[in-house]
Amino acid sequence: MKLDRHATFRTLWRKLHAGSNPALGTNTMKKQELKIIPLGGCEEVGRNMTVFEYGNDIVILDMGIQFPEEDMLGINYVIPNTKYLRGKEKNIRGVIFSHGHLDHIGAAPILLEKLNNPTIIARPFTIQMIKHRQEDYSAGSSQKLKIIFIKKLEDKIKLGVFEISFFQVDHSVMDAVGIILKTPVATIIHPGDWMMEHGPINKQKIRYNHLSELKKPTILMLESIGSINTKKPVTEKEMIDNLKRVIDKAPGRTIIATFSSQVQRIKQIMEHASKKNKKVALDGFSMKMNIEIAKKLGYIKVRKDILIPINKISNYPDQKVIIMVTGAQGEEKAVLPRIVADNHRFIKIKKTDTIIFSSSVIPGHERTIQRLKDNLYRLSDNIIHSDIMDVHSSGHSNIEDIKNIIRQIRPTYFIPVYANHFLLKEAAKIAYQLGYKKDKVIVPDNGSVIKVDKEVKVLKDKVPTNYIFVDGSGVGDVGEIVLKDRQKLAEDGMFVIVAVVDRKTGQVRGSPDIISRGFIYLRESKELLGQTRRKTISIINNATGNGGGVNWTNVKEEVKSKIGQFLFSKTERRPIILPVIIEV
Ligand SMILES: [Zn+2]
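In short, a report on the structure. Since this is a predicted model, take the numbers as computed values, not measurements. Along each chain, residue indices are assigned from 1 in the same order as the chain's sequence is written. Local features are withheld for residues below a pLDDT of 70 in this predicted model, meaning they are given only at 70 or higher, and side-chain atom pairs are given and counted only at 80 or more; totals for whole chains, interfaces and linings count all residues. Hydrogens are left out, water is left out, and the side-chain values use all remaining heavy atoms of the structure.

1. Regarding the pattern of salt bridges
Here is the rule we go by: We define a salt bridge as a side-chain nitrogen of Lys or Arg found within 4 Å of a carboxyl oxygen belonging to Asp or Glu. Strands are runs of DSSP state E lasting at least 2 residues, helices are runs of H or I lasting at least 4, and numbering of each runs from the N terminus. For every residue, the accessible area obtained with a 1.4 Å probe (protein chains only) is divided by the maximum for its type, and the residue is called buried under 20%, exposed over 50%, and partly exposed between those limits.
According to the stated counting rule, one finds 27 salt bridges in the structure shown. The salt bridge involving Lys351 is made with Asp381; its shortest N-O contact spans 3.6 Å. Placement of the pair is Lys351 in the loop between helix H10 (335-340) and strand E16 (354-358) and Asp381 in the loop between helix H11 (366-379) and strand E17 (382-384), with a sequence separation of 30 residues. Exposure remark for Asp381: the relative accessible area of 56% places this residue in the exposed category. For the salt bridge of Lys403 with Glu400, the shortest nitrogen-to-oxygen distance reads 3.8 Å. Placement of the pair is Lys403 and Glu400 together in helix H12 (residues 399-409), with a separation of 3 residues, close to one helical turn. Residue Lys403 is classed as buried on the basis of its relative accessible area of 17%. One connected set of salt bridges, linked through shared partners, spans Lys279, Arg303 and Asp305.

This is the structure:
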């Protein structure tokens, strides 16, 4: 059933009700409690996913990924653990997505399928990004999506007992939306990711005062990444004005590296280019895709001749050319690092090029970006980044604006979410400063069960939230033990000893083979290898006695431990040792 095209909003509503649990009527009669359970996003930035459960009705907000930390070797990303929802799939009335960043939609292809494809609810740009994510993961899978579009902010959706409505928020991606969940016991207000735009372009400054009039008690769940940020925010207008000034003064081409989801910024640059009679070329798969989506949705209208293909840039005078690319975080396969490594088919940096980093540094990328900048400074004399000029405005708030939003919404309860634990604690402190009592502020962990009836409290037991790693096409098959092995291999390498043993006599035949990776370079370690071979032979020969009834597992263990000690005494390294014994 293709819900997105053919069904109107009203029929969808009816279908949803028809599909909901028949036990619902009796359940709503009974006195129920609301459970709010963050499955991720309360101890890190990313892996955002929250479960709201009332009786037999479950509504989920966001299904994000977390990018791997340094010690998660070979892991592509981490997804939320949905063990708590096992057996409750039929109760899921819908999954709402606040916006299209990967830490909010990235796990959708895996988790939606796992949860029997529940209905998803989001604004059009977010839906398109989810569809692309689905298709990337498995071709054709976006056809299976059951979709309710949030067409207008005034839309109201009933999901079981939950009444869902929406409000406008500012964030660094198009179509971000705040969510209101009305339940019989409380009203939850969740802005998703947010910032306060103090100098908006072509729109009104957003106020949140109307949310203070919602039915009490209200619970504000607030993304709190900005809780230690004391910097005055750069307004959109200041930032765009700075970018325009740099573009106008550029002696040659302008190359702007930014996040691919910054469609609004790319749009403004294109509009400026149109005024100044310049051309814009985009490069980077995700950036081109996002602009295509925005064009299709009618969010971007540009004169046809403004956008030029990247392979045509040399047809125009340098001063006429603006190139917008991905890779401001130094991501190896993205465009800017490829240009800098002289690995791009159409762009070679010239001394007269102006290169702008219109982006912030994602934590963990500091060293890569530093190296990228160093290399760029060798190639061009005009590099501009946020430390020099305000050419980027962040998608997140600061301390002042957290105060502002709490003062405007005046919630009964305050729950900081969507950031590391220390940031949540700092956000709680901000609420205390505003006069909130301790029992009105809750700092949850991943898996905390926040029970809401007459009062709000955290239950003692948590639901499982341990990491689910995604590596290649494997979901959850790589666990802590595999990761530990990878760390050990990365630190000291591995050492394989293959010995052929005569079953009858128990004696080693010939000389054992040795394979080493990441431990020592075999060709330069002949002496050590000779000693290791001799030692292996004597260990095995002693352990097997005269053959017959030999416990080969024990023999292997002995080779492993004794050769391990021997190699450590010679090298002070502890490679993983893998003895292989072949009986003949
Ligand atoms: Zn975001």
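2. Things to note about the coordination of the zinc ion
For a metal bound by four donors in a tetrahedral arrangement, the ideal donor-metal-donor angle is 109.5 degrees, while six donors in an octahedral arrangement ideally sit at 90 or 180 degrees. Inclusion rule: The donor set comprises N, O and S atoms within 2.8 Å of the metal, extended to 3.2 Å for Na, K and Ca; water molecules are omitted, so apparent gaps in a site may simply reflect that omission. Just to be clear on the cut-offs, tetrahedral is four donors with all angles between 85 and 135 degrees, square planar is four donors and octahedral six with opposite donors over 155 degrees apart and all others between 65 and 115, and anything else goes down as irregular.
Protein-derived ligands of the zinc ion are His99 (NE2), His101 (ND1), His171 (NE2) and Asp193 (OD), with the metal-ligand distances lying across 2.1 to 2.3 Å. Every donor counted, the 4 donor atoms about the zinc ion form angles of 92 to 163° at the centre, which fits irregular coordination. Each donor residue of the zinc ion lies on the same chain, and together they follow the pattern H-x1-H-x69-H-x21-D. On the criterion of sequence distance, the pair formed by His171 in the loop between strand E9 (162-168) and strand E10 (177-182) and Asp193 in the loop between strand E11 (187-190) and strand E12 (218-223) is long-range, its members being 22 residues apart. The same class applies to His171 and to Asp193, which are both buried.

3. As for the packing of H12 against helix H13 (residues 421-433)
The cut-off we apply is this: Note on geometry: axes are C-alpha line fits, over the in-contact stretch for helices, and angles between N-to-C directions span 0 to 180 degrees. Oblique is the label for any angle not covered by the other classes, which are roughly parallel (under 35 degrees), roughly antiparallel (over 145) and roughly perpendicular (65 to 115). Helix crossings get a hand from a simple test, with the near helix turned counterclockwise from the far one by less than a right angle marking a left-handed crossing and a clockwise turn marking a right-handed one. For this analysis, residues touch if any pair of their heavy atoms sits within 4.5 Å. Side-chain classes follow a simple rule in which Ala, Val, Leu, Ile, Met, Phe, Trp, Tyr, Cys and Pro form the nonpolar group, Asp, Glu, Lys and Arg form the charged group, and the remainder, Gly included, forms the polar group.
Closest axis-to-axis distance for the H12/H13 pair is 10 Å, and the angle between their directions is 55°. Here H12 lies oblique to H13, going by the angle between them. Crossing of H12 against H13: the hand is right-handed. From H12, Ile399, Ile402, Lys403 and Ile406 reach across to H13, where they touch Ile430, Ala431 and Gln433. The residue makeup of the contact of H12 with H13, split by class, is 5 nonpolar, 1 polar and 1 charged.

4. Points about helix H16 (residues 552-571)
Test applied: To estimate the expected span of a helix, subtract one from its residue number and multiply by 1.5 Å. Under this definition, polar contacts are N or O atom pairs within 3.5 Å; protein pairs additionally need one hydrogen-donor-capable and one acceptor-capable atom, and for neighbouring residues in sequence, both atoms have to be side-chain atoms.
If you check H16, its first and last C-alpha atoms are 28 Å apart, about what 20 residues at 1.5 Å a residue would give, namely 28 Å. Regarding H16, the residues found buried are Trp552, Val555, Val559, Ile563, Gly564, Phe566 and Leu567. On its buried side, H16 packs onto strand E23 (494-501), helix H15 (526-544) and strand E25 (576-583). A side-chain oxygen of the first residue of H16 lies 3.1 Å from the backbone nitrogen of Thr553; this N-cap is Asn551. A positive backbone phi angle near 55° is found at Glu572, which sits one or two residues after H16.

5. Focus: the environment of Ile514
Structurally, the position occupied by Ile514 is in strand E24 (residues 508-517). With 19 residues separating them along the chain, Ile514 and Phe495 place their C-alpha atoms 7.2 Å apart. Ile514 has contacts with Phe495, Val496, Ile497, Leu522, Leu529, Thr532 and Arg533, leaving out every residue within four places of it along the chain.

6. What to know about the layout of surface pockets
Stated formally: Using a 1 Å grid laid over the protein atoms alone, points where a 1.4 Å probe fits but cannot get out form a cavity; open sets with protein on both sides within 12 Å along at least 5 of 7 lines form a pocket; any residue with an atom within 4 Å of a point counts as lining. Grid points are joined across faces, edges and corners, and a volume is the space filled by probe spheres set on the points.
The space that makes up the second largest pocket amounts to roughly 800 Å³. Contributing elements (two or more residues each) for the lining of the second largest pocket: helix H7 (236-249) and helix H8 (263-275). Classifying every residue of the lining of the second largest pocket by side-chain character gives 12 nonpolar, 10 polar and 14 charged.

7. Comments concerning H12
Counting buried residues along H12, 8 of its 11 residues qualify, which places the element largely inside the surrounding structure. Those residues of H12 that sit buried are Ile399, Asp401, Ile402, Lys403, Ile405, Ile406, Gln408 and Ile409. Structurally, H12 contributes buried residues whose contacts are with E11, E12, strand E18 (413-417) and H13. Once H12 ends, the next one or two residues include Arg410, with phi positive near 45°.

8. Topic: the packing of aromatic side chains
Threshold: Pairing of aromatic rings covers Phe, Tyr and the six-membered ring of Trp, with a centre-to-centre limit of 6.5 Å; geometry is then stacked below 30 degrees between planes, edge-to-face above 60, and tilted otherwise. Either the NZ atom of lysine or the CZ atom of arginine qualifies as a charge over a ring when it sits within 6 Å of the ring centre and within 35 degrees of the ring normal.
Per the stated rule, a full pass over the model turns up 3 aromatic pairs. Taken together, a centroid distance of 6.2 Å and an interplanar angle of 90° make the contact between Phe167 and Tyr208 edge-to-face. Here Phe167, found in strand E9, pairs with Tyr208, found in the loop between E11 and E12; they are 41 residues apart in sequence, far enough to count as distant. Here Phe167 and Tyr208 have matching classes, each one buried. Geometrically, the ring pair formed by Phe495 and Phe519 is edge-to-face, given 5.4 Å between the ring centres and 85° between the ring planes. Here Phe495, found in strand E23, pairs with Phe519, found in the loop between E24 and H15; they are 24 residues apart in sequence, far enough to count as distant. Taken individually, Phe495 and Phe519 each receive the classification buried, so the pair is uniform in this respect. Here Arg133 stacks its cationic end above the ring of Tyr77, 5.3 Å away from the centre of that ring.

9. Side note on the packing of H7 against H8
Packing of H7 against H8 brings their axes to within 11 Å, and their N-to-C directions diverge by 45°. Looking at the two axes, H7 sits oblique to H8. As H7 runs across H8, the sense of the crossing is right-handed. Taking contact as the criterion, the partners of Glu236, Met239, Ile240, Leu243, Lys244, Ile247 and Asp248 in H7 are, on H8, Gln264, Arg265, Gln268, Ile269 and His272. Of the residues assigned to the contact of H7 with H8, the class counts are 5 nonpolar, 3 polar and 4 charged.

10. Quick notes on the side chain of Gln134
With respect to the element layout, Gln134 can be found in helix H6 (residues 124-137). What makes Gln134 buried here is its relative accessible area of 4%. Beyond its immediate chain neighbours, meaning those up to four positions away, Gln134 contacts Ala108, Pro109, Leu112, Ser141, Ser142 and Leu145.

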